[in-house]
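Observations on chain architecture
Below, each chain spelled out in residue letters.
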Amino acid sequence: MEALLASVIGLLTAVGIYLMLRLRTFPVILGLTFLSYAVNIFIFVSGRLAVNAAPIIGTGDTYADPLPQALVLTAIVISFGMTAVIMIMAIGGYLSSGHDRIDLDAGDDGEAGQ
Amino acid sequence: MSLALIAVLPFLGALLPGLVIRAGRNACALATGAVTGLAFLLLVSHAPAVLRGEVIQTGIDWLPALGLNANLFLDGLGLLFAGLILGIGLLIILYARFYLAKADPMGQFYSYLLLFQGAMVGIVLSDNILLLLVFWELTSLSSFLLIGYWKHLPEGRQGARMALAVTGGGGLAMIAGMLILGNIAGSYDLTVILVQKDLIQSSDWYLPALILILLGAFTKSAQFPFHFWLPHAMAAPTPVSAYLHSATMVKAGLFLMARMWPVLAGTPEWFWIVSTTGLITMVMAAKIALFKDDLKALLAFSTVSHLGLVTMLLGFGTKAAATVAVFHIINHATFKATLFMTAGIVDHAVHTRDITRLGGLRRLMPITFGIALLASLSMAGIPPLNGFLSKELMLEEAAHTIWITPWAMGVLATIGALLSVAYSFRFLAHGFLGPVRQDYPQKPHDPGFGLWAAPGLLAVLVVVIGLFPMATAAWLVDVAASAVTASPVQVHIAHWHGLSVPALWMSLAAIGGGLVCLGAYPRLRAIWNAAPRPDAKRIFDGIVEPLAALSRLVTDGLHNGSFGRAVVLAVLAIAGAALWAFLGGSHAPGTRAVLPADPIVTGIWAILMIAALATPFLHRSRITALILTGVVGLLIAPLFMLFSAPDLALTQVSVEVVTILLMLLALHFLPKDTPAESPLPRRVRDGVIAGIAGVGIGALAYAMMTRGPAFTPISAFHLAQSKPGAGGTNAVNTIIVDFRGYDTFGEIIVLGIAALIIYALSESLLRNAEVTRRLAAQPRERESGDRHPMMLVVSTRVLLPMAMMVGVYIYLRGHNLPGGGFVAGLIFAIAYLMQYIASGYEWSQARQRFDHHVLIGWGVLIASLAGVGPWFFGLPFLTSGYQYVDLWPLEEFELASAAIFDLGVFLCVLGAVLLTLASLSRLALRTGERASTRAYDTEGHR
């Protein structure tokens, strides 16, 4: 089953990066979400896979590693906060400029304010 | 502890001026003065003990593992410098009150000044060299703010930048030197280092450490060849020049050399490097000072020259010379701060500091002239003023020092003194003497008492120390010099040493020569003007600008404004590094036993892969892409469940619901489709890059899962201690609220901040006219005729209390079974969001009693209370405790303090999620969304 999980991580990463390379805000945010999924699962499996071994003391003989789980639990919630912030930035950008392209326009040398 | 208070007071006090400035400028100056005055009094209260020869120590372990301890100590040298910093600081605060113009932000000025003062006091009181380095860098930073105080002046900004670059660079070198020194001595505590002279001087690393530390000291004290920054820093307001560039900051370098004197001095290397640098600086800067027309530039170079003098004396490495150095530090601080303040008064009154446009001020500004006369005669070394005493002692030391030849040092020191006489007299003669002119930019007049009080007081000191050195200064010199040389010093200062003393004749030669120089000034000036000389600023810019251009080239090459380009470069760089690491390692397959495939997992896997794979191809329809994302996210939850992570499964499901709702709401404002604008080659390129990353990560994950951990995981501790230590059987929850509670505390604060950012951004968007116009002009999509379907409205309202009950249950059981504050908060949030969906934002908002912000605030507050509470039992922050309670007729249950913390988590998560979605909903109202007003707004709206 390790191969199945590894392929999921790989595919989610690839999809995430592909979407992040699009030129509009919405797909970039979706890409970021995919990448978060991949990273969260990656951290989770760093505790190695185990079945029927939930880390609830007293329910079995062996337990899955609880530490990566605790890390990922908070990471899931934080990635929601991050996605939400970027989302409002995307909305703000779109509403104030009238387009949702992420790159600066041609001719703009990328040093706004100088 | 009051020793620590001396160092901490200015930092705390730095908050005051900004607040008190509302009560007026006098109150502001008074508050600042009170802070400094209090610190000064504290210092004075320690003085008797220090004068008895005691060393006062205090300290707390800060990062003992790094050897970085907040240890402070006060000995004679520290007393002298801290006294100078705080005492002259008081006078500068008074002077600045009357110097700063109405338009200058005074609160800011005093805040910066106190920050600087705190950093300086920190340097001179530090017992730990790492702590000293921290304060050292703080002086560089705070002086940057002070030099650049007049932000509108380009010279101010450039001068500040140059000072920061030079002193900051020196500071970096010094860090390296101090680390080496600490390594040799085996401790970073000065009191330990200072007694290990033999060990340090016999070490192979002595010379590198010496050079690096001296680099820091020389740059700070503007010694040749780093002297060029000080005159440019004169763009600062005069109180800053008087404080930083005469009395304190530039003396930090001297302080450091004096502090390290017991262990670093006495070797030939020390003698040659330090005394030669000091000598060159003294003579060269004095020569430049003679030909400067700006009063402050003249004083700046004379300061450099006098700093050189002290450096040279320290470099001699003898006890007598070091004692003279200490005495001259005191004298220089008194007369030079006076002169700077006088220059500021002239500038204020005449509106120019150009000496060629001055002259004749003696009659027009008699008080100022009197003060300037005393101070500059002292600087020239005319008896019986204090400058004479230390200069005479210096010449005596120089005459007995063999440098290359027996007489070279004496001759050069005399030339330095001669030039010093010449520029001091020029300051007086060309500035104040001579006929009254008719063409001053503004008619000169003496200032009010407030402005001349501070220099006046210092001028009195100049005379008093000059007349009665044994009574007024010798005791301070004794303790300070004893600390510098680490041996008892009994100094005897006198005006007359008899005719056989070489210093007398050297002194007379200097005064005579100085007068000749002044007489022949026009001719000398012509020679000076004709001679070529390097422009330090041009050289500095010549070095800095290519470096800046290079870094700009690199930065622009990596970030040209295209996000995609940056991502591609990052992915390729990471993949390249991974490949390089992979090729360098062994490639045996993993040996860890693999789990056999399970049909349920395989089924989930298949759907997940199909949904993920379809996304890149279908993503241009954003709704479709969002649905596919939702499918992927929701399918991850059962995977967590099946691989023994029920807590993660619960969290993933609830977060996924909230995220998809958020994105749906966002899509309301954004275009519904992504246009096809990438050509096929670009899409292929992106696909290949994404594929490389995916294969790499997948392979890495597989390699990791098929191997055991490289280091023994620390989880065994958490599993073993979960029940006995934290009182809960859910190890994941106990880690979150107990073992790693501090991390979680930070995380909920981050989440709260994120929600507040979203609120603030949406708020500012609503204020933007362009945005509201675009919102109102949003194309209306075809909407469902049934706006708030009856079935949905009724069922969500019925579900609300049930969902809440589930939430409470999940929260309560979290410590022992899957659940907890995070999940409970999300469940509550979803229960509310259902109302938003079914009954509309306005309807729900009107029935809401608590502000979302308040929930976040309470959440953080309650979590903090759970953290602070243990303090009252003498336990560290966030220590948790638990107790089993047997309350009839209930079963025995557990009360854990972690539950309070988890309640904070719960509230914070709930508030953050609701605030986020409410912020977006508020935007939606501007699109012409009609609010429902009645309880059941069921009729179609079109």
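Residues numbered from 1 in each chain as written. Chains lettered and ligands numbered in written order. Predicted model: local features only at pLDDT ≥ 70, side-chain atom pairs only at ≥ 80, totals over all residues. Heavy atoms only, no water.

Let us now look at the overall build of chain A. For chain A, the helix and strand inventory stands at 3 helices and 0 strands. Counted from the first residue to the last, chain A has its helices and strands arranged as α-α-α. Taking 13 Å as the expected radius of gyration for a compact globule of 114 residues, we find that chain A reaches 19 Å, considerably beyond that expectation. Each principal axis of the C-alpha distribution contributes one length, and for chain A these read about 65 × 25 × 25 Å. Taking all 114 residues of chain A together, 65% fall into the buried category. Across chain A, the fraction of contacts at a sequence separation of at least 24, relative to all contacts at a separation of at least 6, is 58%. Total accessible area on chain A is roughly 3800 Å²; 60% of this is exposed by carbon and sulfur atoms. Distance from the positive charge centre (4 side chains) to the negative charge centre (9 side chains) of chain A: 8 Å. (Helix = DSSP H or I, 4+ residues; strand = E, 2+ residues; numbered from the N terminus. Rg over C-alpha atoms; globule rule 2.2 N^0.38 Å. Buried < 20%, exposed > 50% of the residue type's maximum accessible area, 1.4 Å probe, protein only. Contact = heavy atoms within 4.5 Å. Areas by Shrake-Rupley, 256 points an atom, 1.4 Å probe, with all protein chains shown as cover. Lys, Arg positive; Asp, Glu negative; His and termini not counted. Charge placed at Lys NZ, Arg CZ, Asp CG, Glu CD.)

Moving on: the overall build of chain B. Assigned secondary structure in chain B consists of 40 helices and 4 strands. Dimensions of chain B along its principal axes, counting C-alpha atoms only, are 110 × 70 × 65 Å. Within chain B, the proportion of its 942 residues that are buried is 54%. In chain B, once contacts between residues fewer than 6 apart in sequence are set aside, the share between residues at least 24 apart is 79%. With the model as given, the accessible surface of chain B reaches about 39900 Å², and the carbon-plus-sulfur share is 71%. Charge centroids of chain B, computed over 57 positive and 49 negative side chains, lie 11 Å from each other.

Now for the domain arrangement of chain B. If you check the domain split of chain B, you get domain 1 (265–552) and domain 2 (716–942). Here the C-alpha centroids of domain 1 of chain B and domain 2 of chain B sit 68 Å apart. (Domains from an automatic or database assignment.)

This brings us to the confidence of the model for chain A. Note: predicted coordinates in regions of low pLDDT should not be interpreted at a detailed level. Overall, the predicted model of chain A reaches an average pLDDT of 87, with 90% of residues at or above 70. The model gives residues 107–114 of chain A a pLDDT under 50, and that stretch makes 5 contacts with residues more than four places away or in other chains. (pLDDT = per-residue confidence, 0-100.)

Below, the discussion takes up the environment of B:Thr734. Among the structural elements, B:Thr734 can be located in helix H33 (residues 731–739). With 80 residues separating them in the primary sequence, B:Thr734 and B:Gly814 have C-alpha atoms 9.0 Å apart.

Within the largest apolar cluster, 209 residues are counted, with the highest numbers of intra-cluster contacts made by B:Met178, B:Trp229 and B:Trp270. A per-element tally of this core places helix H16 (residues 319–350) of chain B first, with 19 residues. Residues in contact with B:Trp270, not counting those within four places in the same chain, are B:Tyr206, B:Leu210, B:Leu214, B:Met257, B:Trp261, B:Leu264, B:Ala265, B:Ser275, B:Leu314, B:Gly315 and B:Gly317. Within the second largest apolar cluster, 127 residues are counted, among which are A:Met1, B:Met663, B:Ala755 and B:Leu826. (Core = buried A, V, L, I, M, F, W, Y, C linked by side-chain atoms within 4.5 Å.)

It is worth spelling out the packing of H16(B) against helix H19 (residues 386–399) of chain B at this point. Residue and element names in this part refer to chain B. One way to put it is that H16 packs onto H19 with a least axis distance of 9 Å and a crossing angle of 150 degrees. Compared by their axis directions, H16 and H19 come out roughly antiparallel. Pair H16 / H19 crosses with left-handed handedness. Residue-level inspection shows Ala320, Ala321, Val324, Phe327, His328, Asn331, Thr334 and Phe335 of H16 in contact with H19, the latter providing Asn386, Gly387, Leu389, Ser390, Leu393, Met394 and Glu397. Its residues placed into classes, the contact of H16 with H19 shows 8 nonpolar, 6 polar and 1 charged. (Axes fitted to C-alpha atoms, helices over the stretch in contact; angles between N-to-C directions. Parallel < 35°, antiparallel > 145°, perpendicular 65-115°, else oblique. Left-handed = near helix turned anticlockwise from the far one by under 90°. Nonpolar A, V, L, I, M, F, W, Y, C, P; charged D, E, K, R; others polar.)

Looking now at the side chain of B:Thr338. Of note, B:Thr338 is situated in helix H16. Sequence-distant contacts of B:Thr338, that is, excluding residues within four places in its chain, are made with B:Ile371, B:Ala375, B:Pro455, B:Leu458 and B:Ala459.

Here the focus is a nonpolar patch on the surface. All names here are of chain B. There is a patch of nonpolar side chains on the surface, built from Trp62, Leu63, Leu66, Val134, Leu138 and Leu141 and spanning about 550 Å² of accessible area. Listing elements by their share of the nonpolar patch, those giving two or more residues are strand E1 (56–63) and helix H6 (129–147). Sort the elements by how many residues they give to the nonpolar patch and H6 lands first, with 3 residues. Inspection of the secondary structure puts Leu63 in strand E1. (Patch = residues over 30% accessible without salt bridge, like charges linked within 9 Å, V, L, I, M, F, W, Y side chains within 5 Å. Salt bridge = Lys/Arg side-chain N within 4 Å of Asp/Glu carboxyl O.)

Applying the stated rule across the entire model yields 19 aromatic pairs over all chains. Here A:Phe44 and B:Phe640 contribute two aromatic rings whose centre-to-centre distance is 5.0 Å and whose plane-to-plane angle is 85 degrees, an arrangement assigned as edge-to-face. In this pair, A:Phe44 sits in helix H2 (residues 25–45) while B:Phe640 sits in helix H29 (residues 622–642), so the two residues belong to two different chains. Considered together, A:Phe44 and B:Phe640 belong to a single accessibility category, that of buried residues. For the pair B:Phe109 and B:Tyr149, a centre-to-centre distance of 5.1 Å together with 70 degrees between the ring planes defines the contact as edge-to-face. With B:Phe109 in helix H5 (residues 106–125) and B:Tyr149 in the loop between H6 and helix H7 (154–185), this pair connects stretches of sequence that are 40 residues apart. Given a relative accessible area of 0%, B:Phe109 falls into the buried group. (Phe/Tyr/Trp six-rings, centres within 6.5 Å; stacked < 30°, edge-to-face > 60°.)

Bringing H19(B) into the picture now. Its 14 residues place the ends of H19(B) 20 Å apart at the C-alpha level, agreeing with the 20 Å of an ideal helix rising 1.5 Å per residue. The buried fraction of H19(B) is high, at 13 of 14 residues. (Expected span 1.5 Å × (residues − 1).)

A common measure of how large an interface is: the accessible area buried when the components associate. On the chain A side, the residues contacting the 112 residues of chain B number 82 residues. Both faces considered, chain B and chain A share a buried interface measuring about 8700 Å² in area, 78% of it formed by carbon and sulfur atoms. The largest contributions to the chain B side of the interface with chain A come from B:Phe643, B:Ser644 and B:Met705, which together make up 8% of the buried area. One salt bridge connects A:Arg22 with B:Asp686, and the closest N-O pair in it is separated by 2.3 Å. Linking chain B with chain A are 25 residue pairs in polar contact (both at pLDDT 80 or more). For the side of chain B that touches chain A, the leading source of residues is helix H31 (residues 680–705) of chain B, giving 15 residues. (Buried area = accessible area lost by both parts, 1.4 Å probe. Polar contact = N/O pair within 3.5 Å; in protein donor to acceptor, adjacent residues only side chain to side chain.)

Turning our eyes to something else, we now look at the pairing of E1(B). Residues and elements named next belong to chain B. Pairing analysis gives 7 bridges linking E1 to strand E2 (residues 68–74), with the strands arranged antiparallel. Bridge assignment links Thr58 to a residue of E2, and that residue is Leu72. The turn joining E1 and E2, which pair antiparallel and follow one another in sequence, is formed by 4 residues; a positive phi near 75 degrees is taken by Gly67. (Pairing = 2+ DSSP bridges.)

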